[in-house]
Amino acid sequence: MKTDRFRRVAALFLTFLLLTVLAAPCFAAGSARDAADGVVLVSTDYGRGSGFAIGKTGKPVQYIVTNYHVIRDVYEEGGTTATVYFSAAANRFMIAEIYWTDAKKDLAVLRLPEPTTERSALALCPSGQVDMAGTVYALGYPGAATAGNDFVKYDTSDITVTRGGLAKKTRVNETDCYQIDLTISPGNSGGPLVNEKGQVVGINTFSIVSSSGQANYAVMIDELILNLDQRVIPLTVAEGGGAWVWIAAAAAVLVLAGAGGFLFWRRRARAPQTSPAQRSAALQFMLVGVGGAHAGQRFPLGEQAVRFGRDGADCQVSFPMDAPGISAHHCEVRAVETGVELRDLGSSY
């Protein structure tokens, strides 16, 4: 009887949290023009492109995102650095390390030698939060837009903001992309595609020209979020991923429940309980798979956390690398004196 009551209360609580999550929009980050404060010029001996700062908003930044093809030539010849300009006219720049690359998805991350306040970290908005009918803006330094200028400073005042829309979600070369109805010009590659709040939804990447016309694409920001270890590179994700809040935690558990069918069971020992400490010790928790690939599996919960995610080397409950809605390190659960504690690990969904 008590067990049935516990299940009903838990179900109602999770339903309430689910409705809260679905009703909560991405937090406001400003405007598309404000996002220019996070955009930089990335230059090598072979050419230039655009990039943008990631990290925790309001904190100094040390990591820059760009396209792999922007730094490909120097990298494939053994080079390890690229120049990040904040203002070429004022000679403000840093030599950045090529920190991480994914040639197939055309992504790269540069690491500055030290944190800087020259630019601001941009918030990232995963595809599940994107309004496909909304307006988007491509930011960067397209060469065509600066060719006719008498003097180009390559600072934030020279950043071009191009307005357009999202045509559809698609997949190109095993990479999740948006087809967009605005032009990606040389030099614009690697810059952010942002929504009206200035949150990054994609990375401006490539165009395909055929006899029937030209199609332009941006890599979904999800491809970056899912591949970066947020314990090393903290990100600001638009729905609040990474925060110690119930809404984010509930989102993590509900995604896991949909993907793997997990349920928490609580069993109370029948031993006499004479103090709060003894009552806590008498409670035992078990995480049980009730569907999907983990059906029938049991994971005892104690002080040592049980971690969920796609990283099989670091997660006790691991999912396939292509599992939808699961980050590399998604969330973890542990037993505490007052019950069960759920911690979101920077999940991107």
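Since this is a predicted model, take the numbers as computed values, not measurements.

Cut-offs applied
Residues numbered from 1 in each chain as written. Predicted model: local features only at pLDDT ≥ 70, side-chain atom pairs only at ≥ 80, totals over all residues. Heavy atoms only, no water. Helix = DSSP H or I, 4+ residues; strand = E, 2+ residues; numbered from the N terminus. Buried < 20%, exposed > 50% of the residue type's maximum accessible area, 1.4 Å probe, protein only. Contact = heavy atoms within 4.5 Å. Areas by Shrake-Rupley, 256 points an atom, 1.4 Å probe, with all protein chains shown as cover. Pairing = 2+ DSSP bridges. pLDDT = per-residue confidence, 0-100. Arc of directions from axis to C-beta.

Let us now look at the overall build of the chain. Of regular secondary structure, the chain possesses 6 helices and 19 strands. Counting across all 349 residues of the chain, residues that qualify as buried make up 49%. Residue pairs in contact within the chain that sit at least 24 positions apart in sequence constitute 62% of those at least 6 positions apart. Total accessible area on the chain is roughly 16900 Å²; 53% of this is exposed by carbon and sulfur atoms.

So, on to the sheet that holds strand β16 (residues 306–309). One open sheet holds the 4 strands; their spatial order is β17-β16-β18-β19, and the pairing between them is mixed. At either margin of the open sheet sits one strand with a lone partner, and together these are β17 (317–318) and β19 (339–344).

Our focus in this paragraph is the confidence of the model for the chain. With 72% of its residues at a pLDDT of 70 or more, the chain has an overall mean of 80. In the model, residues 11–29 has pLDDT below 50 throughout and makes 26 contacts with residues more than four positions away in sequence or in other chains. Scored below 50 in pLDDT, residues 240–255 makes 34 contacts in the model with residues more than four places away or belonging to other chains.

With that out of the way, let us pick up helix α2 (residues 68–76). Looking at α2, one finds that the buried residues are Y68, V70, I71 and V74. The buried residues of α2 occupy an angular sector of 140° when the element is viewed end-on, so they sit on one face. Buried-residue contacts for α2 involve β1 (39–44), β2 (47–54), β3 (61–66), β4 (81–87), β5 (92–102) and β6 (107–116). Once α2 ends, the next one or two residues include G78, with phi positive near 100°.

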